[in-house]
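# Fold and contact review
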Amino acid sequence: MGNYRDYISKRECLFTALIWSVIPALQIVFFLIYGHAIRGGGAVCAALLLLLQLSGASLHWRRYLAYDKKSS
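Below: a short report on this structure. (Residues numbered from 1 in each chain as written. Predicted model: local features only at pLDDT ≥ 70, side-chain atom pairs only at ≥ 80, totals over all residues. Heavy atoms only, no water.)

### Considerations on the overall build of the protein
Scanning the protein from N- to C-terminus turns up 2 helices and 0 strands. Here the protein, with 72 residues, has 19% of them falling under the buried criterion. In the protein, once contacts between residues fewer than 6 apart in sequence are set aside, the share between residues at least 24 apart is 81%. Surface exposure of the protein reaches about 5600 Å², of which carbon and sulfur atoms provide 68%. (Helix = DSSP H or I, 4+ residues; strand = E, 2+ residues; numbered from the N terminus. Buried < 20%, exposed > 50% of the residue type's maximum accessible area, 1.4 Å probe, protein only. Contact = heavy atoms within 4.5 Å. Areas by Shrake-Rupley, 256 points an atom, 1.4 Å probe, with all protein chains shown as cover.)

The following block contains the structure:
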C-alpha cells in the first residue's frame, strides 16, 4: 500500500472511505428504483461498474483500517 501515511491523515482516510461507500449505495438505490428501464447490455455494464466501485471502496476501507498498523 506504500507510504500513504506521509500524505493523508487517518481522518482523511475515513472520509474517503465513506464517500467511496456512499456512491455505490446510491447506485444500488437507483437500480432498485429504475432497474426495469435498463436494457440487457446496459445492465451488464452497470453491474461491472458497480463491481469496480465496490472494489475501490474496499481498498479505501482497507487503507483506513490498516492506518495504525505497522507495515512489515
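### Focus on the packing of aromatic side chains
Per the counting criterion, the structure on display carries 3 aromatic pairs. A ring pair is formed by F30 and Y34, whose centres lie 5.2 Å apart and whose planes are at 45 degrees; its orientation type is tilted. Linking F30 with Y34, this pair stays in helix α1 (residues 10–34), spanning 4 residues, or about one helical turn. Judged by relative accessible area, which is 42%, F30 ranks as partly exposed. (Phe/Tyr/Trp six-rings, centres within 6.5 Å; stacked < 30°, edge-to-face > 60°.)

### A closer look at the pattern of salt bridges
Applying the stated criterion to the full structure yields 1 salt bridge. Here K10 and D68 are joined by a salt bridge, their closest N and O atoms 2.8 Å apart. Taken together, the positions of K10 in helix α1 and D68 in the segment after α2 (40–65) put the pair 58 residues apart, joining distant regions of the chain. Using a relative accessible area of 32% as the deciding quantity, one classes K10 as partly exposed. Its relative accessible area of 56% is what places D68 among the exposed residues. (Salt bridge = Lys/Arg side-chain N within 4 Å of Asp/Glu carboxyl O.)

### Regarding the nonpolar core
By size, the foremost hydrophobic cluster in this structure holds 5 residues: Y4, I8, C13, Y64 and Y67. Every residue in contact with C13, bar those within four places of it in the chain, is listed here: Y4, I8, R63, Y64 and Y67. (Core = buried A, V, L, I, M, F, W, Y, C linked by side-chain atoms within 4.5 Å.)

### Regarding the packing of α1 against α2
Direction vectors running N to C along α1 and α2 enclose 160 degrees, while the axes themselves pass 8 Å from each other. Between α1 and α2, the angle is such that the two are roughly antiparallel. Relative to α2, the crossing made by α1 is left-handed. In terms of residue class, the contact of α1 with α2 is made up of 16 nonpolar, 6 polar and 2 charged. (Axes fitted to C-alpha atoms, helices over the stretch in contact; angles between N-to-C directions. Parallel < 35°, antiparallel > 145°, perpendicular 65-115°, else oblique. Left-handed = near helix turned anticlockwise from the far one by under 90°. Nonpolar A, V, L, I, M, F, W, Y, C, P; charged D, E, K, R; others polar.)

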